[in-house]
Amino acid sequence: RILVSSALPLPGGEIVEPLIGAPAPVRAGRRRMRVRVEARFSRRGLRRLDPPALVLRDPLGLARREVRGEAAQAEEVLVLPRIEPVTVHAEPGSESAGRALSALAGVAEVEIDGLRAYRPGSPASRIHWAPLARGAGLLERRLRPDADGRPLVVLDPRRPARPEDLDAAVRAAASLAHALAKAAGCALLLPGERRATGLERDLGAWPAAWARLALVAPGAPPPLAGLAARTGPVFYVAASPLARLPRALAQASVPRVLVVPGELAGRPEVLAVAGCRGYALGRAGGRAP
């Protein structure tokens, strides 16, 4: 919102604001004027916003003066990548999208996280027999995912054919990480980082990770040296189709999903998100599809 106010009637002029296409005219004789600007940015990243200016002129154009506000300094706005729904290609009616994504991730639950009422079909190894002996009913141990068994989302920004492809890959990585974190927790590995960032269900670490995603530029992928120690699935999001998988990813024995902009002919999709499609690589193999 831009507010113009004056003790004396204004001679006329215009408000120059970079976020609007044309200057907003100021009619002569007015003392107050309000302009509301609604801006939408087509791409993520850091944006510099120059301050608005009020240009005053007399009706004959003999005099001109430019006035800026008290806080006449440029400001910066970080445009975050949009979070989009993740479509999992599962059997109709089998599970909700969130639970299907967790099933696709294959999250391994190994750490005890309390007790809950027994659910039919749970393994007998989870049953806690002591409460049953006391007459408290049948309870089972509630487990939580192991840190290394949680899904890992990796972003590879190498050689995008178009800037839009990198933006799509960033949106896909952000959307996958957000959905997986809300489902059961996950980890996110970005370019320039040697360690993955853990994202829990409470999304406490998400704002900082989201801001880093907004600033990703084309470049080298993050190192995958720690991939061999992980037991959870890997979602590898690339800004372009890969002629060959990175060695650490190709040799990984965990479930792997390659997510790229556009389509890969001849392979069935397992998910779609933000204009990208995911293809399961299985547990072994050295070639990209």
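Residues numbered from 1 in each chain as written. Predicted model: local features only at pLDDT ≥ 70, side-chain atom pairs only at ≥ 80, totals over all residues. Heavy atoms only, no water.

## Let's talk about the overall build of the chain
Thought 1: Scanning the chain from N- to C-terminus turns up five helices and 19 strands.
Thought 2: Each of the 289 residues in the chain was classed as buried or not, and the buried ones make up 39%.
Thought 3: Taking the intrachain contacts of the chain between residues at least 6 apart in sequence as the baseline, contacts between residues at least 24 apart amount to 59%.
Thought 4: Summing over all exposed atoms, the chain offers an accessible surface of approximately 16,500 Å²; the carbon and sulfur share of this is 52%. (Helix = DSSP H or I, 4+ residues; strand = E, 2+ residues; numbered from the N terminus. Buried < 20%, exposed > 50% of the residue type's maximum accessible area, 1.4 Å probe, protein only. Contact = heavy atoms within 4.5 Å. Areas by Shrake-Rupley, 256 points an atom, 1.4 Å probe, with all protein chains shown as cover.)

## Some words on the pairing of strand 7 (residues 64-68)
Thought 1: Of the strand pairs in this sheet, strand 6 (residues 53-57) and strand 7 are connected by five bridges, and their pairing is antiparallel. For Arg 57, the partnering residue across the bridge sits in strand 7 and is Arg 64.
Thought 2: Connecting strand 6 to the next strand, strand 7, in antiparallel fashion are six residues, including Gly 61 with a positive phi near 75°. (Pairing = 2+ DSSP bridges.)

## Structural notes on the environment of Gly 192
Thought 1: Relative to the helices and strands, Gly 192 is located in the loop between strand 14 (186-189) and strand 15 (197-199).
Thought 2: The class of Gly 192 is exposed, set by a relative accessible area of 77%.
Thought 3: Sequence separation between Gly 192 and Val 216 is 24 residues, and the spatial gap between their C-alpha atoms is 9.3 Å.

## Quick look at the layout of surface pockets
Thought 1: If you add up the space inside the largest pocket, you get close to 650 Å³.
Thought 2: Among the elements that line the lining of the largest pocket, the one with the most residues is strand 1 (residues 2-5), at four residues. (1 Å grid on protein atoms, 1.4 Å probe; cavity = no way out; pocket = protein on both sides within 12 Å on 5 of 7 lines; lining within 4 Å. Points joined across faces, edges and corners; volume = space filled by probe spheres on them.)

## What to know about a nonpolar patch on the surface
Thought 1: A cluster of nonpolar side chains, contributed by Trp 129, Leu 132 and Leu 138, occupies part of the molecular surface with about 290 Å² of accessible area.
Thought 2: The exposure class assigned to Trp 129 is exposed, which follows from its relative accessible area of 51%. (Patch = residues over 30% accessible without salt bridge, like charges linked within 9 Å, V, L, I, M, F, W, Y side chains within 5 Å. Salt bridge = Lys/Arg side-chain N within 4 Å of Asp/Glu carboxyl O.)

## A word on the confidence of the model for the chain
The predicted structure's coordinates, where accompanied by low pLDDT, should not be read in detail.
Thought 1: In the predicted model, the chain carries a mean pLDDT of 82, and the fraction of residues at 70 or more is 83%.
Thought 2: In the model of the chain, helix 1 (residues 97-105) stands out as the element of lowest mean pLDDT, 57, in contrast to helix 4 (residues 206-214), which has the highest, 96.
Thought 3: In this model, residues 92-96 is a region of pLDDT below 50 whose contacts with residues beyond four sequence positions or in other chains number two contacts. (pLDDT = per-residue confidence, 0-100.)

## Some remarks on the sheet that holds strand 7
Thought 1: Judged by pairing direction, the sheet is antiparallel, and its four strands sit side by side in the order 3-2-6-7 without closing on themselves. In the strand order of this sheet, the two ends are held by strand 3 (24-26) and strand 7, each with one partner. Within the sheet, the average angular offset between the axes of one strand and its neighbour, ignoring direction, is 25°.
Thought 2: Taken together, the three bridges between strand 2 (residues 13-16) and strand 3 define a ladder with antiparallel strand orientation. Residue pairing in the sheet places Ile 15 in a bridge with Ala 24 of strand 3. (Axes fitted to C-alpha atoms, helices over the stretch in contact; angles between N-to-C directions.)

## Observations concerning the nonpolar core
Thought 1: Formed by 34 residues in total, the largest nonpolar core has its most connected members in Val 153, Leu 155, Leu 176, Leu 213 and Val 237.
Thought 2: The set of elements that each furnish at least two residues to this core consists of strand 13 (152-156), helix 3 (163-183), strand 14, helix 4, strand 16 (234-238), strand 17 (256-261) and strand 18 (271-273).
Thought 3: In terms of residue count, helix 3 provides more of this core than any other element does, eleven residues in total.
Thought 4: With residues up to four places along the chain from it excluded, the contact list for Leu 155 reads Ala 169, Val 170, Ala 173, Leu 189, Leu 190, Pro 191, Leu 213, Val 216, Pro 222 and Val 237. (Core = buried A, V, L, I, M, F, W, Y, C linked by side-chain atoms within 4.5 Å.)

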